[in-house]
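# Residue-level structure breakdown
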Amino acid sequence: MSFLEVTEFLLEGFKISLLIFGVTLVLGAPLGLPIAFGSMSKFKPIKSIFKVFVWIVRGIPLMLQIFIIYYVPGLLFNFQLFGEVDRYFIVEYGIMDAGRILAVLIAFTINYACYFSEIYRGGIESISRGQYEAGFVLGMTKSQVFKKIILKQVIQRIVPPMSNEIITLIKDTALANCIMVCEIIKNAKELAATKAMIWPLFYTGVFYLLFVGILTIVLNKTEKKLSYFRS
Amino acid sequence: MSVLEVRDVKKSFGKTEVLKGVTFSLDEGEVLSIIGSSGSGKTTILRCINQLETADSGYIEVAGEVFFDGKNKKEDSQTKRKKQLNVGLVFQDFHLFPQYNVLDNVTLAPKLLAEEREDFKHNKKQIFAEIEEKAKVLLGKVGLSEKLGNYPCELSGGQKQRVSIARALIMEPKVLFFDEPTSALDPELTGEILKVIKSLAEEKVTMVIVTHEMSFAKAVSSKVIFMDNGVIEEAGTPEEVFDNPKSERTKAFISKFED
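These numbers come from a predicted model, not from an experiment. (Residues numbered from 1 in each chain as written. Chains lettered and ligands numbered in written order. Predicted model: local features only at pLDDT ≥ 70, side-chain atom pairs only at ≥ 80, totals over all residues. Heavy atoms only, no water.)

## Some thoughts on the overall build of chain B
Convention followed: To qualify as a helix, a DSSP run of H or I must reach at least 4 residues; to qualify as a strand, a run of E must reach at least 2; elements of each kind are numbered from the N terminus. Our radius of gyration is a C-alpha quantity, and the globule rule it is checked against amounts to 2.2 Å times the number of residues to the power 0.38. Should any heavy atoms of two residues lie within 4.5 Å, those residues are counted as being in contact. In these tables, accessible area is a Shrake-Rupley quantity obtained with a 1.4 Å probe, and a residue counts as shielded only by the protein chains included in the view. In summary, the charge assignment counts Lys and Arg as positive and Asp and Glu as negative, without counting His or the chain termini. Charge placement uses NZ in Lys and CZ in Arg. For Asp and Glu, CG and CD serve respectively.
Summing up its helical and strand segments, chain B has nine helices and ten strands in all. The C-alpha atoms of chain B give a radius of gyration of 19 Å, which matches the 18 Å a tight globule of 259 residues would have. Based on the C-alpha atoms only, the size of chain B along its principal axes is roughly 60 × 45 × 35 Å. By sequence separation, contacts in chain B at least 24 residues apart represent 65% of the contacts at least 6 residues apart. Of the roughly 11,900 Å² of accessible surface on chain B, a fraction of 46% belongs to carbon and sulfur atoms. Of the charged side chains in chain B, 36 are positive and 42 negative; the average position of the first set lies 4 Å away from that of the second.

Set out below in structure tokens:
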């Protein structure tokens, strides 16, 4: 296999990695918000439920969570949910791995939403009470205070920790190969197994590095753009 | 006519009774200074009037509207907010909105309020232009015409506090409250704030000022209250309280500030 062929084959896998990355970000980032509000709720039972949930999700390995999501429907209800999805997509559209990828997306989205929620919570709680009070004494409603005063300050503060999390996310996508999803490392391992080629495994690092490089530039730009004020 | 009525207001935080029954009133155009050592309850009474704290009992009325009635505490946040428009509060630590420039800090609240007007949709441009004009006049009055486009982080403490005064004034409060407006400032910058407050007093803006600036309080106030340990220990004209205090505690407190 030529270098070009290997590159193309790995790129096929990296597309799946990027898909997991993109969907997790697009779904997980907004989902983190209600979880953050839940864990800040003044109503104790609600707060406890969210806190315990976040504790569990952050407390066990993401790989294990992928296994749980993937296998538990089958164990509990004797129904291979993701296997059925796999089969359906292969038969109908000729698409491989759809069910497995779906399981990975669910696990990733929940996991990252919980991490994001803690970042949001930290950001929201770091805004001084004086900002809320200043809004209130000027006759603003609660939602006006949040939208017009608090939100942008929170965003400014959470960009650095979010950047960190986002960079971790692209590398975490490699975990998908634990249920045989054909992301880039899985493809490299396949080359090792079938063609006795080890170097593609190391070559995958270049893909991650390039992508993280682009991400870093974009995230730094965002951070800079928001640095026109200091709170 | 009295524009502010405070009757027997009590407030505890946990087991600490911070206000043990505070009563006073203020007429339109009057300037009241509240003095007293830290922990005497000065700031708490201001926060109770401005609905940032809920008193435990008593009665508070501003411009004929019941702000607080110990006998009927239930109230939704919407009516609370509407009432809040009658009063303004200038904080010790300014609390400007960091992401807005000086002009926007002042116009934000009135612009949001204007959205509730019936003619807002038709006259949006004109309404906003009027608000901006008004803000510019106020910022000119506090000497910040040159700083309209600057962000709070680019201002000195004194400038920030002057923005926050303009921000409170644009809402045209019936009573304007100051919570130690110069305590976070260098002595040098204190003067510029006091000058602004003095000019407001000359325009007959009704004000309540919690302050540690004794000579200023004496010069600007029509009424002075000395608070100690959650009660009003002494109240009267500046001459009465500063020059001929009746209570021993007042005497002791005031003598600390004399050189």
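## Some points on the nonpolar core
Definition in use: We call a set of buried residues a nonpolar core when its members are Ala, Val, Leu, Ile, Met, Phe, Trp, Tyr or Cys and they connect through side-chain atoms within 4.5 Å of each other. Burial classes: relative accessible area under 20% of the type maximum marks a residue as buried, over 50% as exposed, and values in between as partly exposed (1.4 Å probe, protein chains only).
One finds B:Leu4, B:Ile45 and B:Met207 to be the most contacted residues of the largest nonpolar core, which totals 129 residues. Per-element accounting of this core gives the leading share, eleven residues, to helix H5 (residues 98-125) of chain A. Once you skip the residues sitting within four places of it in the chain, B:Ile45 turns out to touch B:Val6, B:Val9, B:Leu19, B:Val22, B:Phe24, B:Ile34 and B:Met227. Core analysis: the second largest hydrophobic core is formed by nine residues, B:Ala217, B:Phe226, B:Phe253 and B:Ile254 among them.

## Things to note about the side chain of B:Thr206
Residues and elements named next belong to chain B. Locating Thr206 in the fold gives a position in the loop between helix H6 (187-202) and strand S8 (207-210). Accessibility expressed as a relative area gives 4% for Thr206, which makes it buried. Setting aside anything within four residues of it in sequence, one finds Thr206 in contact with Val3, Leu26, Asp27, Glu28, Gly29, Glu30, Lys174, Val175 and Leu176.

## Topic: helix H9 (residues 199-225) of chain A
Since one α-helical turn is 3.6 residues long, residues separated by three or four positions face the same way. Residues and elements named next belong to chain A. The cut-off we apply is this: One fewer than the residue count of a helix, multiplied by 1.5 Å, yields its expected span.
Its 27 residues give H9 an end-to-end C-alpha distance of 40 Å, which sits within 8% of 39 Å, the value for a rise of 1.5 Å per residue. Along H9, the residues that are buried comprise Pro200, Tyr203, Thr204, Phe207, Tyr208, Phe211, Val212, Leu215 and Leu219. As for H9, its buried residues are in contact with helix H1 (3-39), helix H7 (142-172) and helix H8 (184-195).

## Some words on the interface of chain A and chain B
By convention, interface size is frequently given as the accessible area that disappears when the constituent parts associate. Cut-off, in case you're wondering: Buried surface area refers to the total accessible area, computed with a probe of radius 1.4 Å, that the two partners give up upon joining, counted for both partners together. Salt bridge, as applied in this entry: a Lys or Arg side-chain nitrogen positioned within 4 Å of an Asp or Glu carboxyl oxygen. As used in this structure description, the phrase polar contact means that two N or O atoms lie within 3.5 Å; if the pair is within protein, one of them must be able to donate a hydrogen and the other to accept it, and residues adjacent in sequence are counted only when both atoms belong to side chains.
The partner chain B presents 27 residues to the 22 residues of chain A that form the contact. Summed over both sides, the interface of chain A with chain B buries roughly 2,200 Å², with 66% coming from carbon and sulfur. Three residues stand out in chain A for area buried against chain B, namely A:Phe136, A:Val137 and A:Leu138, and they jointly supply 29% of the buried area on that side. One salt bridge connects A:Glu133 with B:Arg47, and the closest N-O pair in it is separated by 2.5 Å. One can count eight residue pairs in polar contact (both at pLDDT 80 or more) joining chain A with chain B. At the level of elements, helix H6 (129-137) and H7 of chain A are the ones that each hand at least two residues to the side of chain A that touches chain B. Sorting elements by how many residues they give to the side of chain A that touches chain B places H6(A) first, with eight residues.

## What to know about the side chain of A:Asn111
Its location among the elements puts A:Asn111 in helix H5. Leaving out residues up to four positions away in the same chain, A:Asn111 has contacts with A:Val57, A:Leu62 and A:Gln65.

## A closer look at the confidence of the model for chain B
When pLDDT drops low, the exact placement of atoms in the prediction is not to be read closely. Heads up, the rule is: The predictor's confidence in any single residue is recorded as pLDDT, a number from 0 to 100.
Per-chain confidence: chain B averages 92 in pLDDT, with 99% of residues scoring 70 or above. Note on the complex model: pTM 0.86, ipTM 0.92.

## Regarding the sheet that holds strand S4 (residues 57-62) of chain B
Residue and element names in this part refer to chain B. Basically, it comes down to this: What makes two strands pair is DSSP finding at least two bridges between them. Only the stretch in contact is used when a helix axis is fitted, and all axes are lines through C-alpha atoms; the angle between N-to-C directions ranges over 0 to 180 degrees.
Taken together, the four strands give an open sheet; going across it, the order is S2-S1-S4-S5, and neighbouring strands pair in antiparallel fashion. Single-partner strands in this sheet number two, and they are strand S2 (16-27) and strand S5 (65-69). Taking each pair of neighbouring strands and ignoring which way they run, the sheet shows an average axis angle of 15°.

## A short note on the layout of surface pockets
Here is the rule we go by: Both cavities and pockets are sets of points on a 1 Å grid over the protein atoms alone; in a cavity a 1.4 Å probe fits but cannot get out, in a pocket the set is open with protein on both sides within 12 Å along at least five of seven lines, and lining residues sit with an atom within 4 Å of a point. Grid points are joined across faces, edges and corners, and a volume is the space filled by probe spheres set on the points.
Considered as a void within the structure, the largest pocket measures approximately 970 Å³ in volume. For the largest pocket, the lining is made up of 24 residues, of which A:Lys42, A:Arg129, A:Tyr132, A:Phe136 and A:Lys142 are closest to its centre. Where the lining of the largest pocket is concerned, the elements lending two or more residues are H5, H6 and H7 of chain A together with helix H2 (77-84) of chain B.

## Some remarks on the sheet that holds strand S9 (residues 223-228) of chain B
Residue and element names in this part refer to chain B. Strand order in the open sheet made by the six strands is S6-S7-S8-S3-S9-S10, with mixed pairing throughout. Each edge of the open sheet carries a strand with a single partner, namely strand S6 (87-90) and strand S10 (231-236). Across the sheet, the mean angle separating the axes of adjacent strands is 20° when strand polarity is ignored. Sheet analysis places strand S3 (residues 31-35) next to S8, joined by four bridges and oriented parallel.

## Things to note about the packing of aromatic side chains
So the rule is basically this: Aromatic rings from Phe, Tyr and Trp, with only the six-membered ring used for Trp, were paired whenever their centres fell within 6.5 Å, and each pair was classed as stacked if the ring planes differed by under 30 degrees, edge-to-face if by over 60, and tilted otherwise. Remark: a charge is flagged as sitting over a ring if the NZ atom of Lys or the CZ atom of Arg is within 6 Å of the ring centre and within 35 degrees of the ring normal.
Tallied over the entire structure, the rule returns 22 aromatic pairs over all chains. Note on A:Phe67 and A:Tyr71: the rings are 6.1 Å apart at their centroids and 25° apart in plane angle, and the pair reads as stacked. Highlighted residues: A:Phe67 and A:Tyr71, both in helix H3 (residues 62-77), separated by four residues, approximately one helical turn. In this structure A:Phe67 comes out as partly exposed when scored by relative accessible area, which is 27%. Ring-pair connections join several aromatic residues into one group, and the members of that group are A:Phe3, A:Phe14, A:Phe21, A:Trp199, A:Tyr203, A:Phe207, A:Tyr208 and A:Phe211. Here the guanidinium or amino end of A:Arg58 rests over the ring plane of A:Tyr115, the centre of that ring lying 5.8 Å away. Stacked on the ring of B:Phe97, the Lys or Arg B:Arg167 has its end atom at 4.5 Å from the ring centre.

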